[in-house]
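Residue-level listing of the chains:
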Amino acid sequence: MVEIRKVSSKRELKQFIQFYYDLYRDSSQAVPYLFFDEMATLRRDKNPSFECCEADYFMAFKDGRMAGRVAAIINRRANERWKVSQVRFGWLDFVDDIEVSTALMEAVGQWGRERGMTEMAGPLGFIDTDREGMLVEGFDELSTMYVNYNYPYYADHISRIGGFAKDNDYVEIKVRIPQDDNYKFHKIAGMVKQRYGLRVHKFTRRELIDEGWGREVFHLLNATYKDLYGFSQLSSQQIDKLVNDYIKIADLNLVTGVMDGDRMIGFGITFSSMSRALQHCKNGRVFPFGWWHLLQVLKRHNTDTVDLLLIGVLPEYRSKGANALIFDDLIQQYQRYGFIWAVTGPQMERNEAVLAQWQYLDSKVFRRHRCFRKLL
């Protein structure tokens, strides 16, 4: 018999978050998310996404022990944009027990129906910058802090529960970084600069924080990501949080802007991979030992991999090759830091234009995440 309990206190929310660390403690591929980040995302008084979202969190217990968890989320802004009545499920984790996974999905479905929803989809977060999709390929690859990692049995459970169909796939690309300047983006970038007068701009911290260019990056993200699966426009409060979460700690050598005159038309935000360092953060806590390993990555780039976190170019500049300027500048920084590999964030498998750009580099699809959809 499975018992479902709704999270109703801060202590229970901590229990909800802790379950992931317990379930994946012995996994060499999973990367623990930082505990304080998870708390800030899931708390109503900390996450500005609650201005357009409502959510509840459920825990499953069997034989007196916690056996699973799931978040039920309604993003009203996204539902209006895509003209759906959809409840999202996210933060989905469970032991290999079909009774547990079924009970969790039924809890989300019932919660959604009570609020007038007619379909459920996920795994999805509150907004597009949260983790999305269930891992269905690439289980043997080291994960990152920006994507979900799960055991192979998850997708089998979704199939056995019934009623779910594939709604969207994301793929991630692993790229070997060129070690000289004999790569196509370098040549294209030179032609683009000459033909269209576009230029690379390396921002200072003052420009990004005090002069507002950090906020402009995420306004640009709103414009470039607006037609992507499930995307909802970021509000001013959400943008302020993203600037604080990403821009304030970024190594600005790994952040690139592309300008047409005084107008930003493209950007790239990348970070040294913190995957191995995070595996030293027991239960997602920075102290007592994790901070040292994180510091080595943030300050000394003590890793051979860089994560391509957010890259965007305004639609009217994509055909002009503006992305080549971003990659050309960043590759030169990666060479200087001694990186060997770059790992992209999730990219929609049907976004052929974006995926086609990787043909110019030594690259391969090495991980796949899937979102599922079910009518209620």
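The structure this text deals with has already been given above.
Described below are features of the structure shown in this document.

Quick notes on the rules
Residues numbered from 1 in each chain as written. Predicted model: local features only at pLDDT ≥ 70, side-chain atom pairs only at ≥ 80, totals over all residues. Heavy atoms only, no water. Helix = DSSP H or I, 4+ residues; strand = E, 2+ residues; numbered from the N terminus. Buried < 20%, exposed > 50% of the residue type's maximum accessible area, 1.4 Å probe, protein only. Contact = heavy atoms within 4.5 Å. Areas by Shrake-Rupley, 256 points an atom, 1.4 Å probe, with all protein chains shown as cover. Lys, Arg positive; Asp, Glu negative; His and termini not counted. Charge placed at Lys NZ, Arg CZ, Asp CG, Glu CD. Arc of directions from axis to C-beta. Polar contact = N/O pair within 3.5 Å; in protein donor to acceptor, adjacent residues only side chain to side chain. Pairing = 2+ DSSP bridges. Axes fitted to C-alpha atoms, helices over the stretch in contact; angles between N-to-C directions. Parallel < 35°, antiparallel > 145°, perpendicular 65-115°, else oblique. Left-handed = near helix turned anticlockwise from the far one by under 90°. Patch = residues over 30% accessible without salt bridge, like charges linked within 9 Å, V, L, I, M, F, W, Y side chains within 5 Å. Salt bridge = Lys/Arg side-chain N within 4 Å of Asp/Glu carboxyl O.

A word on the overall build of the protein
(1) Moving on: Within the protein, the secondary structure is distributed over 14 helices and 14 strands.
(2) Moving on: In terms of principal-axis extent, the alpha carbons of the protein reach across some 70 × 45 × 40 Å.
(3) Moving on: Across the 376 residues of the protein, 57% fall into the buried class.
(4) Moving on: Sequence-distant contacts in the protein: of pairs separated by 6 or more residues, those separated by 24 or more amount to 77%.
(5) Moving on: Carbon and sulfur atoms form 48% of the exposed surface of the protein, whose accessible area is close to 16,900 Å².
(6) Moving on: Put simply, the protein has 52 plus and 49 minus side-chain charges, and the middle of one group is 2 Å from the middle of the other.

A look at helix H9 (residues 236-245)
The α-helix winds at 3.6 residues per turn, so residues separated by three or four positions along the chain end up facing the same way.
(1) Moving on: Those residues of H9 that sit buried are Gln 238, Ile 239, Leu 242 and Val 243. Along H9, the residues classed as buried sweep out an arc of 140° about the axis, all on the same side.
(2) Moving on: Against the buried residues of H9 lie helix H3 (76-82), helix H7 (205-209) and helix H8 (213-224).

Considering the side chain of Asp 251
(1) Moving on: Secondary-structure assignment places Asp 251 in the loop between H9 and strand E9 (255-260).
(2) Moving on: A polar contact is formed between the side chain of Asp 251 and the side chain of His 301, at a distance of 2.9 Å.
(3) Moving on: Once you skip the residues sitting within four places of it in the chain, Asp 251 turns out to touch His 301 and Tyr 337.

Topic: the pairing of strand E7 (residues 165-176)
(1) Moving on: By the bridge criterion, 11 bridges tie E7 to strand E14 (residues 362-375) in an arrangement that is antiparallel. The partner of Asn 168 across the bridge, within E14, is Cys 371.
(2) Moving on: In this sheet, strand E13 (residues 347-348) lies alongside E7 in antiparallel orientation, the contact comprising 2 bridges. Its bridge partner being in E13, Tyr 170 is matched across the sheet by Met 348.
(3) Moving on: Sheet topology places E7 next to strand E12 (residues 341-344); 3 bridges connect them, and they run antiparallel. The residue of E12 that forms the bridge with Lys 174 is Val 343.

Side note on the packing of helix H1 (residues 10-23) against helix H2 (residues 35-42)
(1) Moving on: Direction vectors running N to C along H1 and H2 enclose 130°, while the axes themselves pass 11 Å from each other. With respect to H2, the axis of H1 lies oblique. Judged by the twist between their axes, the crossing of H1 over H2 is right-handed. Contacts between H1 and H2 involve Lys 10, Leu 13, Lys 14, Phe 16, Ile 17 and Tyr 21 from the first element and Phe 35, Glu 38, Met 39 and Leu 42 from the second.

Here we look at the pairing of strand E2 (residues 53-62)
Side-chain direction in a regular strand flips from residue to residue, so the side chains alternate between the two faces of the sheet.
(1) Moving on: The buried fraction of E2 amounts to 9 of the 10 residues, a majority that puts the element mostly inside the structure.
(2) Moving on: Alignment of strand E1 (residues 2-6) against E2, held across 5 bridges, turns out to be antiparallel. When the bridges of E2 are listed, Glu 3 appears paired with Phe 61.
(3) Moving on: Two elements, E2 and strand E3 (residues 65-75), share 10 bridges in a ladder whose sense is antiparallel. Its bridge partner being in E3, Tyr 57 is matched across the sheet by Ala 71.
(4) Moving on: Linking E2 to E3, which pair antiparallel, is a turn of 2 residues; within it Asp 63 sits at a positive phi near 55°.

Some points on the environment of Glu 3
(1) Moving on: When you line up the elements, Glu 3 lands in strand E1.
(2) Moving on: In this structure Glu 3 comes out as partly exposed when scored by relative accessible area, which is 40%.
(3) Moving on: C-alpha separation for the pair Glu 3 and Arg 65, spaced 62 residues apart in sequence, amounts to 9.8 Å.
(4) Moving on: Not counting residues up to four positions away in its chain, the partners in contact with Glu 3 are Met 59, Ala 60 and Phe 61.
(5) Moving on: Among the polar contacts made by the side chain of Glu 3, one reaches the side chain of Arg 5 at a distance of 3.2 Å.

Considering a positive patch on the surface
(1) Moving on: A contiguous patch of positive charge, built from Lys 10, Lys 14, Lys 46 and Arg 285, is present on the exposed surface.
(2) Moving on: Note that Arg 285 resides in the loop between helix H10 (275-278) and helix H11 (290-300).

What to know about unusual backbone geometry
The phi angle of most residues is negative, glycine excepted, and most peptide bonds adopt the trans form.
(1) Moving on: For the peptide bond that leads from Gly 122 to Pro 123, omega is 0°, which places it in the cis range.
(2) Moving on: Position of Pro 123 among the secondary structure elements: in the loop between strand E5 (119-122) and strand E6 (134-137).
(3) Moving on: Along the chain, Phe 287 connects to Pro 288 via a cis peptide bond; the corresponding omega equals 10°.
(4) Moving on: At Trp 91, a position not held by glycine, the phi torsion is positive, near 50°.

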